Amino acid sequence: QVQLVESGGGLVQPGGSLRLSCAASGSIFSVNIMGWYRQAPGKQREIVAIITSGGSTNYAGSVKGRSTISRDNAKNTVYLQMNSLKPEDTAVYYCHLNNGAQSYWGQGTQVTVSS
């Protein structure tokens, strides 16, 4: 059984920063892909950024240049550093793990960007 536990969401003013964390536990394959997705009210869930166990990254155009995804393989933890936050970044952010043929989601953490 695999569990993903997110932390780090909250309320931040426009232009501010947040760092999200997601710790995976259970049977984690050494080769995997972890990432962050988000879902705003009334919208579909969308990709934010992903990172492979080898360190390759990919970002959505809307966050590229403002966000950095990283991971600590020894801790099975993925991070998302978000800077220059905008009101349109407001959403529930979900951690995702692609673990071989299995796919897992975290419970989500709310990020609200508002003055």
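That block above? That's the structure.
So, a few notes on the structure that sits alongside this text. (Residues numbered from 1 in each chain as written. Predicted model: local features only at pLDDT ≥ 70, side-chain atom pairs only at ≥ 80, totals over all residues. Heavy atoms only, no water.)

1. Let's talk about the overall build of the protein
Thinking step 1. The secondary structure content of the protein amounts to zero helices and 11 strands.
Thinking step 2. When the elements of the protein are put in sequence order from the N terminus, they spell out β-β-β-β-β-β-β-β-β-β-β.
Thinking step 3. Against the globule reference of 13 Å for 115 residues, the protein gives a C-alpha radius of gyration of 13 Å, in line with a compact fold.
Thinking step 4. Considering the protein as a whole, with its 115 residues, one finds that 42% of them fall into the buried category.
Thinking step 5. By sequence separation, contacts in the protein at least 24 residues apart represent 53% of the contacts at least 6 residues apart.
Thinking step 6. Only carbon and sulfur atoms are counted for the fraction: they give 48% of the accessible area of the protein, which is about 6000 Å².
Thinking step 7. Charge-centre separation for the protein: the mean point of 9 positive side chains lies 3 Å from the mean point of 5 negative side chains. (Helix = DSSP H or I, 4+ residues; strand = E, 2+ residues; numbered from the N terminus. Rg over C-alpha atoms; globule rule 2.2 N^0.38 Å. Buried < 20%, exposed > 50% of the residue type's maximum accessible area, 1.4 Å probe, protein only. Contact = heavy atoms within 4.5 Å. Areas by Shrake-Rupley, 256 points an atom, 1.4 Å probe, with all protein chains shown as cover. Lys, Arg positive; Asp, Glu negative; His and termini not counted. Charge placed at Lys NZ, Arg CZ, Asp CG, Glu CD.)

2. Considering the packing of aromatic side chains
What characterises a pair of aromatic rings is the spacing of the ring centres plus the angle enclosed by the ring planes.
Thinking step 1. Counted under the stated rule, the structure contains two aromatic pairs.
Thinking step 2. Note on tyrosine 94 and tryptophan 105: the rings are 6.5 Å apart at their centroids and 90 degrees apart in plane angle, and the pair reads as edge-to-face. One end of the pair, tyrosine 94, is in strand E9 (residues 91–99); the other, tryptophan 105, is in strand E10 (residues 102–105), and 11 residues separate them in sequence.
Thinking step 3. On the basis of relative accessibility, which here comes to 38%, the residue tryptophan 105 falls in the partly exposed class. (Phe/Tyr/Trp six-rings, centres within 6.5 Å; stacked < 30°, edge-to-face > 60°.)

3. Points about the state of the cysteines
Thinking step 1. Taken as a whole and judged by the stated rule, the model has one disulfide.
Thinking step 2. Paired by a disulfide, cysteine 22 and cysteine 95 hold their sulfur atoms 2.1 Å apart. Negative torsions about the S-S bond denote left-handed disulfides, and the value of about -80 degrees found for cysteine 22 with cysteine 95 makes this one left-handed. Taken together, the residues cysteine 22 in strand E3 (residues 18–25) and cysteine 95 in strand E9 connect sequence positions 73 residues apart. As far as burial versus exposure is concerned, cysteine 22 and cysteine 95 are alike and both buried. (Disulfide = S-S within 2.5 Å.)

Function cannot be read off these values alone, since they describe shape.
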